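Topology and contacts: notes
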Amino acid sequence: MNKHLQQLVDLSKIDKEIDAFEPRIEEANHKYETVLATKDSIAAQISTLEEEIAAESIKKQKNELHLSELSDKLSENAKKKFRNQNRT
């Protein structure tokens, strides 16, 4: 066989091998896009949960402050009651 003809045959084989990679590349790209979409979705969920945690933390702090105020009032009322009982 002629040297150039052999090179054409070899080139044709390489071209077919390259074409065989196209479906694999498309599949890999599809998987990548799916994983990327999942990552973005998870990141959005994390952000939402972090916002909820922050909001709940603020609520907790407010509730603890309110409980502290109520505890102080209860102590004051108990002291007043004790003083009033001792006066009589």
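Rules used in this analysis
- Residues numbered from 1 in each chain as written.
- Predicted model: local features only at pLDDT ≥ 70, side-chain atom pairs only at ≥ 80, totals over all residues.
- Heavy atoms only, no water.
- Helix = DSSP H or I, 4+ residues; strand = E, 2+ residues; numbered from the N terminus.
- Rg over C-alpha atoms; globule rule 2.2 N^0.38 Å.
- Buried < 20%, exposed > 50% of the residue type's maximum accessible area, 1.4 Å probe, protein only.
- Areas by Shrake-Rupley, 256 points an atom, 1.4 Å probe, with all protein chains shown as cover.
- Lys, Arg positive; Asp, Glu negative; His and termini not counted.
- Charge placed at Lys NZ, Arg CZ, Asp CG, Glu CD.
- Salt bridge = Lys/Arg side-chain N within 4 Å of Asp/Glu carboxyl O.
- Patch = residues over 30% accessible without salt bridge, like charges linked within 9 Å, V, L, I, M, F, W, Y side chains within 5 Å.

Per the secondary structure count, the protein chain includes one helix and zero strands. Taken over the C-alpha trace, the protein chain has a radius of gyration of 38 Å; the compact-globule value for 88 residues is 12 Å, which it surpasses by more than 25%. Along the three orthogonal principal directions, the C-alpha set of the protein chain runs to about 125 × 15 × 10 Å. Looking at the protein chain as a whole, 0% of its 88 residues are labelled buried. Approximately 8500 Å² of the protein chain is accessible, and the part contributed by carbon and sulfur atoms is 58%. Side-chain charges of the protein chain comprise 15 positive and 17 negative groups, with the mean position of each set lying 17 Å from the other.

What follows covers the pattern of salt bridges. For the structure on display, the rule yields four salt bridges. The partner of Lys 31 in a salt bridge is Glu 27, and the shortest N-O contact between them spans 3.3 Å. With Lys 31 and Glu 27 both in helix α1 (residues 3-87) and four residues apart, the pair spans about one turn of that helix. With relative accessibility at 45%, the residue Glu 27 sits in the partly exposed group.

Turning next to a nonpolar patch on the surface. On the surface, Leu 5, Leu 8, Val 9 and Leu 11 cluster together to form a nonpolar patch covering roughly 350 Å² of accessible area. Among the secondary structure elements, Leu 11 is positioned in helix α1. Relative accessible area serves as the criterion here: at 53%, Leu 11 is assigned to the exposed category.

Okay, the environment of Ile 42 next. Within the secondary structure, Ile 42 sits in helix α1. A relative accessible area of 41% places Ile 42 in the partly exposed class.

So, about a negative patch on the surface. Residues Asp 15, Asp 19, Glu 22 and Glu 26 make up a contiguous surface patch of negative charge. Residue position: Asp 15 is located in helix α1. For Asp 15, a relative accessible area of 42% puts it in the partly exposed group.

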